[in-house]
Amino acid sequence: MYIQKMYINGEWKESGEVLEVRNPATLEVIGSIPKGGAEEASAAVDAAYQALKAWSAMTANERGALMMKWHTLIDEHTQELAKIMTTEQGKPLKEAAGEIAYANSFISWYAEEGKRVYGQTIPASSPNKRIWVQKQPVGVIAAITPWNFPASMITRKVAPALAAGCTVVLKPSEETPFTALKLADLAGKAGIPAGVINVVTGDAAPIAEAWQRDERVRKISFTGSTAVGKKLMQGAAETVKKISLELGGHAPFIVTANADLDKAVDGLIASKFRNGGQTCVCTNRVYVEESIADAFSQRVAQRTSDLKVGNGMDEGVDIGPLINAKAVEKVQRQIEDAKAKGGQVLTGGEVLHEAKGYFIKPAVIMNATDEMECMIEETFGPLAPITTFRTLEEAVERANHSPYGLAAYVFTEQIKEALYVAETLEYGIVGVNDPLPSTAQAPFGGFKQSGLGREGGHFGIEEYLEIKYISLGL
Ligand SMILES: NC(=O)c1ccc[n+]([C@@H]2O[C@H](COP(=O)([O-])OP(=O)(O)OC[C@H]3O[C@@H](n4cnc5c(N)ncnc54)[C@H](O)[C@@H]3O)[C@@H](O)[C@H]2O)c1
Ligand SMILES: O=C[C@H](O)CS(=O)(=O)O
């Protein structure tokens, strides 16, 4: 089921040592990947650089047609890919299949968008000149991706890059490499030429450092923690590489007294507990207008306690394991800190010791205060702290009081409230009565320390294009 080799220049490669990959639900070793390093990283750049000229010389239609063949193969292999994802990442099978469809939507969307990379003609100020602007591919792209969305965080970079005429060297997370390797296998089978997509597995730092030093790599596209993003941003300066950063988040979820309570409760459950709370746009703080706080919190607690925790391969499971022991410990630590600061646990927080995997019951805490760790530090797990507010101005001010600015949510049926909050929140993505705004046609990205650049929509392909101005003297 698992491809356990690196994909460089259209060939499967091993290297001396290996890294084991475990199933977070059972702790069983499910396979291993080559522990690639600087040498393999450089070989991948050789391949991508070699392939660049021919790939960028193709028309957008020709590249798009090959991307759609890849799309078809991914669609045909959805169940196999979903099973690979669930066993290496833990999310329930239905969520994994949903992610494959979401990942594939970037391929089909950008297969078309590549045909809409338009330039510009500009009226010259001199009669004997003609001036225009055209867009050209940036070149070799180095992509580094996280474990929480093992397919879509890859195609959200690779699809626009390929459509723009770029070639890619990719390092997936060592926690979830097998989905990436299967996607690369299907790309090769679709006829995407050798060297256009290369996947290097192994120790992140030496691979990234080799790409940072290599002048042929013209852009770093990273999705992951803010801490690592900052390191990559510093490294990119050495050779003035372009950089896209999709980093951490700490989403506020604001519920006003004018909200439709059913919508707001459903919305919080969806936004908070998707992927076990391990998404960058998961709600991290809940602000509820004082007058409805008790009713809202009790309903959220009931719905949360009804969520089924277990192995993602099992029917009816809503919440799989977290990715590792550190992730469970972080949620536990934040719950203990909240309790010590006056928080009241309405449900959840118990670690399932009887199960071998990294399981913790989803938790809801009332009487949260802004001094609690969970209200400041990204939880990246199934914990919903609820606090109250009296005025919208207070809610927005507290919601904006964060170094993060990725996603935020507001639930109200009052249009003026919705507009006021949406327009004053300092976040790159605002869901108004919508807990799941992410989609291929819209720009995804953050303000502040949540990142630089956008992925998705036409903004997403511009990240992989250079602007060239041509002036013709007559
Ligand atoms: N904004 C987004 O779109 C988005 C999406 C998913 C996850 N995230 C964020 O990612 C974090 C969780 O993912 P994670 O634990 O995989 O993040 P992480 O930063 O630990 O790892 C992300 C990737 O970076 C690699 N990496 C680790 N150390 C590195 C180094 N020193 N140099 C180069 N690469 C290195 C990892 O191997 C992995 O491939 C959370 O903060 C989450 O908010 C953001
Ligand atoms: O975790 C980060 C992902 O970008 C979440 S989403 O699936 O794109 O919403």
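Where an unreviewed UniProt entry is consulted, the chain appears under the name Aldehyde dehydrogenase, with the organism given as Paenibacillus dendrobii. The heading Sequence similarities (unreviewed entry) in the UniProt record of the chain holds the text "Belongs to the aldehyde dehydrogenase family."

Chemist: Any chance you could explain the side chain of Glu40 here in plain terms?
Modeler: Note that Glu40 resides in helix 1 (residues 38–57). Of the side chains bearing the opposite charge, Lys13 lies closest to the buried Glu40, which forms no salt bridge; the N-O distance is 9.7 Å. A distance of 2.8 Å separates a polar side-chain atom of Glu40 from the backbone nitrogen of Gly37. Leaving out residues up to four positions away in the same chain, Glu40 has contacts with Met6, Ile8, Ser15 and Val200.

Chemist: How do you make sense of the site of ligand 2 when you look at a structure like this?
Modeler: Close contacts around ligand 2 come from Tyr102, Asn148, Phe149, Met153, Arg156, Arg274, Thr279, Cys280, Val281, Ser438 and Phe444, and that covers them all. Tyr102 is positioned such that a nitrogen or oxygen atom in its side chain is 2.7 Å from an oxygen atom of ligand 2. In the model, an oxygen atom of ligand 2 is placed 2.7 Å from a nitrogen or oxygen of the Arg274 side chain. Taken by itself ligand 2 offers 280 Å² of open surface, and the protein chains cover 98% of this. With respect to the pocket detection grid, ligand 2 is positioned in the largest cavity. The residue makeup of the shell around ligand 2, split by class, is six nonpolar, three polar and two charged. Counting only domains with at least three residues in the shell around ligand 2, you end up with domain 1 (6–247 + 450–473) and domain 2 (251–432).

Chemist: Please clarify how unusual backbone geometry should be interpreted in this entry.
Modeler: In most cases, non-glycine residues show a negative phi, while peptide bonds are predominantly trans. Even without glycine at this site, Val240 takes up a positive phi of about 50°. Along the chain, Val240 falls in the loop between helix 8 (226–237) and strand 11 (242–246).

Chemist: I would appreciate a short explanation of the packing of helix 1 against helix 7 (residues 204–213) in the present structure.
Modeler: Between two packed helices, what matters for the description is the angle formed by their axes and the separation of those axes. In the contact formed by helix 1 and helix 7, the axes pass within 8 Å of each other and the chain directions differ by 45°. When the interaxial angle is binned, helix 1 and helix 7 end up oblique. Pair helix 1 / helix 7 crosses with right-handed handedness. Across the interface between the two elements, Ala38, Ala41 and Val45 of helix 1 pack against Pro206, Ile207, Ala210, Trp211 and Arg213 of helix 7.

Chemist: Just to check I follow, could you spell out the UniProt feature "domain: Aldehyde dehydrogenase" (unreviewed entry) in the chain for this structure?
Modeler: Under the UniProt annotation, the feature "domain: Aldehyde dehydrogenase" (unreviewed entry) is placed at residues 15–470. The span residues 15–470 is 41% helix and 21% strand, and its two end C-alpha atoms sit 46 Å from each other.

Chemist: What is the right way to look at the confidence of the model for the chain in this model?
Modeler: A low pLDDT score tells you not to read the predicted coordinates there in detail. The predicted model of the chain has a mean per-residue pLDDT of 98, with 100% of residues at 70 or higher. Our summary of model confidence lists the complex with pTM equal to 0.98 and ipTM equal to 0.97.

Chemist: I keep staring at the site of ligand 1 and nothing clicks. Help me out?
Modeler: The full set close to ligand 1 counts 29 residues, and Thr145, Arg156, Glu174, Ser225 and Glu378 are the nearest of them. A distance of 2.8 Å is found between an oxygen atom of ligand 1 and a side-chain nitrogen or oxygen belonging to Trp147. In the model, a nitrogen atom of ligand 1 is placed 2.8 Å from a nitrogen or oxygen of the Leu247 main chain. For ligand 1, the accessible surface in isolation is 840 Å², of which the surrounding protein chains cover 86%. According to the grid-proximity analysis, the pocket containing ligand 1 is the largest pocket. Where the shell around ligand 1 is concerned, the elements lending two or more residues are helix 5 (152–164), helix 7, strand 10 (217–223) and helix 8. Split by residue class, the shell around ligand 1 holds 15 nonpolar, eight polar and six charged. Mapped onto the domain boundaries, the shell around ligand 1 takes at least three residues apiece from domain 1 (6–247 + 450–473) and domain 2 (251–432).

Chemist: Hey, could you run me through the packing of aromatic side chains in this one?
Modeler: Any pair of aromatic rings gets described here by the distance separating the centres and the angle formed by the planes. Per the stated rule, a full pass over the model turns up seven aromatic pairs. Consider the rings of Trp109 and Tyr110, whose centres lie 5.3 Å apart with planes at 80°: the pair is edge-to-face. Lying over the aromatic face of Phe444, Arg156 brings its terminal NZ or CZ to 4.1 Å of the ring centre. A cation over an aromatic ring shows up here: Lys219 above the ring of Tyr464, its NZ or CZ 5.2 Å from the ring centre.

Chemist: It is not clear to me how the sheet that holds strand 22 (residues 465–473) should be interpreted in this structure. Could you clarify?
Modeler: Think of a sheet as strands paired side by side through backbone hydrogen bonds, with each pair either parallel or antiparallel. With antiparallel pairing, three strands are arranged side by side in an open sheet as 5-6-22. The two strands at the open ends of the sheet, each matched to only one other strand, are strand 5 (120–122) and strand 22. Strand-to-strand twist of the sheet, defined as the mean angle between neighbouring strand axes without regard to direction, takes the value 20°.

Chemist: What is the right way to look at the pattern of salt bridges in this model?
Modeler: Between side chains of opposite charge, a pair can form when the charged atoms approach closely. Counting across every chain of the model gives 30 salt bridges. The salt bridge involving Asp203 is made with Lys35; its shortest N-O contact spans 3.8 Å. Within this pair, whereas Asp203 is found in the loop between strand 9 (197–199) and helix 7, its partner Lys35 is found in the loop between strand 4 (29–34) and helix 1, the two being separated by 168 residues in sequence. Note that Asp337 is salt-bridged to Lys341, the shortest N-O span being 2.8 Å. By relative accessible area, which is 14% here, Asp337 ends up buried. Lys341 gets classed as partly exposed once you look at its relative accessible area, which sits at 38%. Taken together, the shared-partner salt bridges connect Glu80, Lys182, Asp185 and Lys189 into one network.

Chemist: Quick question: what am I supposed to make of the sheet that holds strand 19 (residues 429–432) here?
Modeler: Judged by pairing direction, the sheet is mixed, and its seven strands sit side by side in the order 14-15-16-13-12-18-19 without closing on themselves. Each having just a single partner strand, strand 14 (344–347) and strand 19 make up the two edges of the open sheet. Neighbour to neighbour, the strand axes of the sheet diverge by 25° on average, direction disregarded. Judged from the five bridges that link them, strand 12 (residues 251–255) and strand 13 (residues 283–289) form a sheet pairing that is parallel. Looking at strand 13, one finds that Pro252 is bridged to Arg285. Along the sheet, helix 12 (residues 392–400) makes contact with strand 12, strand 13 and strand 16 (383–389), crossing strand 16 at roughly 140°.

Reading guide: rules and limits
- Residues numbered from 1 in each chain as written.
- Chains lettered and ligands numbered in written order.
- Predicted model: local features only at pLDDT ≥ 70, side-chain atom pairs only at ≥ 80, totals over all residues.
- Heavy atoms only, no water.
- UniProt positions renumbered as here; feature names shortened; annotations may be inferred.
- Helix = DSSP H or I, 4+ residues; strand = E, 2+ residues; numbered from the N terminus.
- Buried < 20%, exposed > 50% of the residue type's maximum accessible area, 1.4 Å probe, protein only.
- Lys, Arg positive; Asp, Glu negative; His and termini not counted.
- Salt bridge = Lys/Arg side-chain N within 4 Å of Asp/Glu carboxyl O.
- Polar contact = N/O pair within 3.5 Å; in protein donor to acceptor, adjacent residues only side chain to side chain.
- Contact = heavy atoms within 4.5 Å.
- Near = heavy atom within 4 Å.
- Areas by Shrake-Rupley, 256 points an atom, 1.4 Å probe, with all protein chains shown as cover.
- 1 Å grid on protein atoms, 1.4 Å probe; cavity = no way out; pocket = protein on both sides within 12 Å on 5 of 7 lines; lining within 4 Å.
- Sits in = over half its atoms within 2 Å of the grid points.
- Nonpolar A, V, L, I, M, F, W, Y, C, P; charged D, E, K, R; others polar.
- Domains from an automatic or database assignment.
- Axes fitted to C-alpha atoms, helices over the stretch in contact; angles between N-to-C directions.
- Parallel < 35°, antiparallel > 145°, perpendicular 65-115°, else oblique.
- Left-handed = near helix turned anticlockwise from the far one by under 90°.
- pLDDT = per-residue confidence, 0-100.
- Phe/Tyr/Trp six-rings, centres within 6.5 Å; stacked < 30°, edge-to-face > 60°.
- Lys NZ or Arg CZ within 6 Å of the ring centre and 35° of its normal.
- Pairing = 2+ DSSP bridges.

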